[in-house]
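Chain residues, written in single-letter form:
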Amino acid sequence: MWFLVLSLCGLGAAFLANFQNINLLAYVLGTPLVGLVILCMIPSTMTKLIRVWALTVTMITLLLCMVLWANYTPCATEPFASVVGFSAGWQGLVLVRLEFGIDSLSLWMVLLTLALMPLAVLCSWTTITSNVSAFMSLLLVLETFLFGAFTLLDLLCFYVLYECSLLPMFLLIGLGGSRPRKVRAAYLLVLYTLVGSLAMLPCMLLMWSQAGSTSFMLLVHESWEPSRQLVLWWGLFLAFAVKVPMIPVHLWLPEAHVELSTAGSVLLAGVLLKLGTYGLLRFNLSLFSYANAYYGPLIMCLSLIGLIYLSLSTLRQVDLKKLVLYSSIAHMSMVTLALFTMSDLGLILATFLMLAHGILSPALFLCVGALYDRTHTKALKYLGGLLTLIPLFSIMLFIFSLCNMAMPLTPNFLAEFLCLCSIFAHNTVLLAGALILVILALAYSMWAYARVVHGMPKTYAFELLTDLNRREFWTFVPLIFMTLWLGLKPNAVLDSLSSSLIYWHQASLAVKDPASWALALL
């Protein structure tokens, strides 16, 4: 089976070598769609072939994106590269115009998405036994929507794909949930996100009525009146705050995570939550400089309250999966807190923390999923003494618990430390509150690891547990490699992000003071 996967990936690499001069962005966009069409042609009874094909498509897409990354050169004057346009019209009238492009921000988000997709397929290899074809098809559909959302250069088209990403998650909850509450969890996900997004649509129409377009490249240079900025900013912010999620619109996430399968939790925590912070970075912070300065203190206070509240809520959790997800939301509050310092350092380091969180959080959910497959429980009171029973799993959990504690040589340490530096430069009181996350993250990570790994086994049946198999081991290896790489060589990401984020930050200020923007670019 693995020989077949590697052979197909080799064919994809050979195909790529013969078309190096053609725009790779179109191939990365089209590969999941072609794979989805072929997957739908495979009979649903051939489950093994369906899994192999889904894994092959995701790996080929990742290889194509890595070549795209290798050929990408950041440019301070023209951040978007590899722009691909598609248009449809009638008698010379353009009815639909889609433009896809990548800058440093979207490139790293796409790489994170495509790196997690093969892992989502692998972790569901044996756990999903019914409706395998539908499950794998939903993963490929979600991959296509996420890739389009991160690369689209039009706000209206981004809104469409932003909403479309809800549909696969809604169905994944239905396929992966096992309790009667899965219907409630699915509808909470849709209702929260849909209500938040409804405020975004009239604001986009208002922007189109003034600028005559929803193209991001035109909107970023549009001069908006301060009173209009205050209204438009809220419309976009409400849609993205639900996705982050921020207090008090976070209640849908615990329900969704509990009902999702391991693959669904990996993608929800690793990528879908980043759509919210990506939207804040791309649109709110780039288009409305006056509104950002006006509402910034309020959002920082909300982020600080959420950070403290969620960190304390994490300490009282008795379910291991809920402990991980509340910790995940608390770290996302740190991201929004650093974002709204509105300094160049804060923007770059908040984005780097997003990427580090996009690796750590899926890894912890994979640990929870592997443990649940063996013990069939996530309650901490029934767990313990696993170090002598499944030592390889205990090592994996130890590595990622260290990352959650932000130990040195991990990307979370560098990201959180420098985010705290940007917060300190903005306000020392906010720094004192943000340090609570660092202290409490150390407390609940050590406590959870000790409860799971040390002590004596609580149940005699646990003595028959088996350690990680080869498939599960190789699912963790890429995450460990990415963690070490980002921790030891962060400049590979930081230098790339700085050129794009500083450009858009200065461009948002250029409308108010063009001379200062020109000097900043020099």
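Residues numbered from 1 in each chain as written. Predicted model: local features only at pLDDT ≥ 70, side-chain atom pairs only at ≥ 80, totals over all residues. Heavy atoms only, no water.

Stated precisely, the cut-off is as follows: UniProt positions are given in the numbering used here, feature names are shortened, and annotations may be inferred rather than shown by experiment.
Within an unreviewed UniProt entry, the label attached to the protein reads NADH-ubiquinone oxidoreductase chain 4, and the organism entered is Hydrodictyon reticulatum. According to the UniProt record, the Sequence similarities (unreviewed entry) comment for the protein is "Belongs to the complex I subunit 4 family." Regarding the protein, the UniProt comment filed under Catalytic activity (unreviewed entry) reads as follows: "a ubiquinone + NADH + 5 H(+)(in) = a ubiquinol + NAD(+) + 4 H(+)(out)".

## Points about the overall build of the protein
Put simply, the rule reads: Only DSSP runs of H or I with at least four residues qualify as helices, and only runs of E with at least two residues qualify as strands; both kinds are numbered from the N terminus onward. Relative accessibility decides the category of a residue: with a 1.4 Å probe and only protein chains considered, values under 20% of the type maximum give buried, values over 50% give exposed, and everything between is partly exposed. Contact between two residues is taken to exist if any of their heavy atoms lie within 4.5 Å; hydrogens are not considered. Each accessible area value is a Shrake-Rupley result obtained with a 1.4 Å probe; residue values ignore everything except the protein chains displayed when judging cover.
When helices and strands are tallied, the protein shows 22 helices and two strands. The buried share among the 522 residues of the protein stands at 58%. If you take every contact in the protein between residues at least 6 apart in sequence, the share linking residues at least 24 apart comes to 80%. Element-wise, carbon and sulfur atoms account for 70% of the exposed surface of the protein, whose accessible area totals about 20,900 Å².

## Digging into the packing of aromatic side chains
Note the cut-off: When the centres of two rings from Phe, Tyr and Trp lie within 6.5 Å, Trp using its six-membered ring, the rings pair. Their planes under 30 degrees apart give stacked, over 60 give edge-to-face, and anything left gives tilted.
Evaluation of the coordinates by the stated rule reveals 25 aromatic pairs. Aromatic pair Tyr162 and Phe240: ring centres 5.8 Å apart, planes at 90°, arrangement edge-to-face. With Tyr162 in helix α6 (residues 155-164) and Phe240 in helix α11 (residues 226-243), this pair connects stretches of sequence that are 78 residues apart. For Tyr162, a relative accessible area of 0% puts it in the buried group. These aromatic residues form a ring-pair network of at least three members: Phe150, Phe158, Tyr162, Phe216, Phe240, Tyr278 and Phe283.

## A closer look at unusual backbone geometry
With an omega dihedral of -10°, the bond running from Val244 to Pro245 counts as a cis peptide bond. Along the chain, Pro245 turns up in the loop between α11 and α12 (252-259). Between Ile247 and the following residue, Pro248, the backbone shows a cis peptide bond with an omega angle of 5°. Along the chain, the position of Pro248 falls in the loop between α11 and α12. Located in the positive-phi region is Ala406, a residue other than glycine, with phi close to 60°. Residue position: Ala406 is located in the loop between α17 (391-404) and α18 (411-426). On the basis of relative accessibility, which here comes to 13%, the residue Ala406 falls in the buried class.

## Structural notes on the side chain of Arg471
Defined as follows: Note that His is not counted, nor are the chain ends; the positive residues are Lys and Arg, and the negative ones are Asp and Glu. Counted as salt bridges are all cases of a side-chain nitrogen of Lys or Arg within 4 Å of a carboxyl oxygen of Asp or Glu.
Considering the arrangement of structural elements, one finds Arg471 in helix α20 (residues 470-488). The charged side chain of Arg471 is buried without a salt bridge, its nearest counter-charge being Glu472 at 4.1 Å. Look past the residues within four positions of Arg471 in its chain and what remains in contact with it is Leu122, Cys123, Trp125 and Thr126.

## Focus: the pattern of salt bridges
Evaluation of the coordinates by the stated rule reveals three salt bridges. With its nearest N and O atoms 2.5 Å apart, the salt bridge here joins Glu472 to Arg374. Of the two residues, Glu472 sits in helix α20 while Arg374 sits in helix α16 (residues 344-375), which places them 98 residues apart along the sequence. Owing to a relative accessible area of 16%, Arg374 belongs among the buried residues under this scheme.

## Quick notes on the side chain of Ser311
Residue position: Ser311 is located in helix α14 (residues 289-315). If near-sequence neighbours (up to four positions away) are discounted, Ser311 is found in contact with Ala330, Leu437, Leu440 and Tyr444.

## Brief notes about the packing of helix α15 (residues 320-339) against α16
If you want to describe how two helices pack, look at the angle between their axes and the distance between the axes. Let me state the cut-off plainly: Axes here mean lines fitted to C-alpha atoms, for a helix over just the part in contact, with angles spanning 0 to 180 degrees between N-to-C directions. Put simply, angles under 35 degrees are roughly parallel, angles over 145 are roughly antiparallel, angles from 65 to 115 are roughly perpendicular, and the rest are oblique.
Relative to each other, α15 and α16 sit at 175°, their axes nearing to 9 Å. The angle between α15 and α16 falls in the class roughly antiparallel. Along its contact with α15, which presents Leu320, Lys321, Val324, Leu325, Ser328, His331, Met332, Met334, Val335, Ala338 and Leu339, the element α16 presents Gly346, Leu347, Ala350, Leu353, Met354, His357, Ser361, Leu364, Phe365, Val368 and Leu371.

## With respect to helix α5 (residues 132-151)
Heads up, the rule is: By this rule the span expected of a helix is its residue count minus one, scaled by 1.5 Å.
Taking 1.5 Å per residue, 20 residues should reach 28 Å; α5 reaches 29 Å between its end C-alpha atoms and fits that length. Buried residues dominate α5, accounting for 17 of its 20 residues.

## Section: helix α8 (residues 182-198)
Convention followed: Taken from the helix axis, the directions to the C-beta atoms give the arc we talk about.
A rise of 1.5 Å per residue sets the reference length of α8, with its 17 residues, at 24 Å; its end C-alpha atoms lie 24 Å apart and thus fit the reference within 8%. For α8, the complete set of buried residues consists of Ala185, Ala186, Leu188, Leu189, Thr193, Gly196 and Ser197. In a view along the axis of α8, the buried residues occupy a sector of 160°, so they form one face of it.

## Things to note about the environment of Ala450
Secondary-structure assignment places Ala450 in helix α19 (residues 428-453). With 65 residues separating them along the chain, Ala450 and Gly385 place their C-alpha atoms 8.9 Å apart.

## Some words on the packing of helix α4 (residues 104-123) against α20
Basically, it comes down to this: By definition, any crossing whose near helix is turned counterclockwise from its far helix by less than a right angle is left-handed, and any crossing with a clockwise turn is right-handed.
It is the contact of α4 with α20, at a shortest axis distance of 9 Å, that shows an interaxial angle of 160°. As summarised for this structure, α4 and α20 are arranged roughly antiparallel, according to the angle between their axes. α20 is crossed by α4, and the crossing has left-handed handedness. Across the interface between the two elements, Trp108, Ala115, Leu116, Leu119, Leu122 and Cys123 of α4 pack against Arg471, Thr475, Pro478, Leu479, Met482 and Trp485 of α20.

## Side note on the environment of Ile329
Mapped onto the fold, Ile329 is located in helix α15. C-alpha separation for the pair Ile329 and Pro254, spaced 75 residues apart in sequence, amounts to 9.8 Å. Setting aside chain neighbours within four positions, we find Ile329 in contact with Pro245, Leu253 and Leu310.

## Considerations on the confidence of the model for the protein
Threshold: What pLDDT reports is the predictor's confidence in each residue, on a scale of 0 through 100.
Averaged over every residue, the pLDDT of the protein is 82; the share at 70 or more is 85%. Low pLDDT (under 50) marks residues 13-22, which in the prediction has seven contacts with non-local residues, meaning those over four places away or in another chain. Taken together, the stretch residues 513-522 has pLDDT below 50 and engages in eight contacts with residues farther than four places along the chain or on a different chain.

## Topic: a nonpolar patch on the surface
Counted only if it meets this: Like charges within 9 Å and nonpolar side chains (Val, Leu, Ile, Met, Phe, Trp, Tyr) within 5 Å are joined into patches, using only residues over 30% in relative accessible area that form no salt bridge.
Taken together, Leu156, Leu201 and Leu205 make up a surface patch of nonpolar side chains, about 230 Å² in accessible area. Considering the arrangement of structural elements, one finds Leu201 in helix α9 (residues 200-211).

## Focus on the environment of Glu143
Within the secondary structure layout, Glu143 lies in helix α5. Through-space distance from the C-alpha of Glu143 to that of Val271 is 10.0 Å; in sequence the pair is 128 residues apart. Beyond its immediate stretch of four places on either side in the chain, Glu143 contacts Pro32, Thr58, Thr61, Leu114 and Met117.

## Here's the deal with the state of the cysteines
Quick reminder of the rule: By definition, disulfides here are pairs of cysteine sulfur atoms that lie within 2.5 Å.
Scanning the model with the defined rule gives zero disulfides in all. Counting only cysteine sulfurs, Cys419 is the nearest neighbor of Cys421, a cysteine outside any disulfide, at a range of 9.1 Å. According to the relative accessible area criterion, Cys421 is partly exposed, its value standing at 31%.

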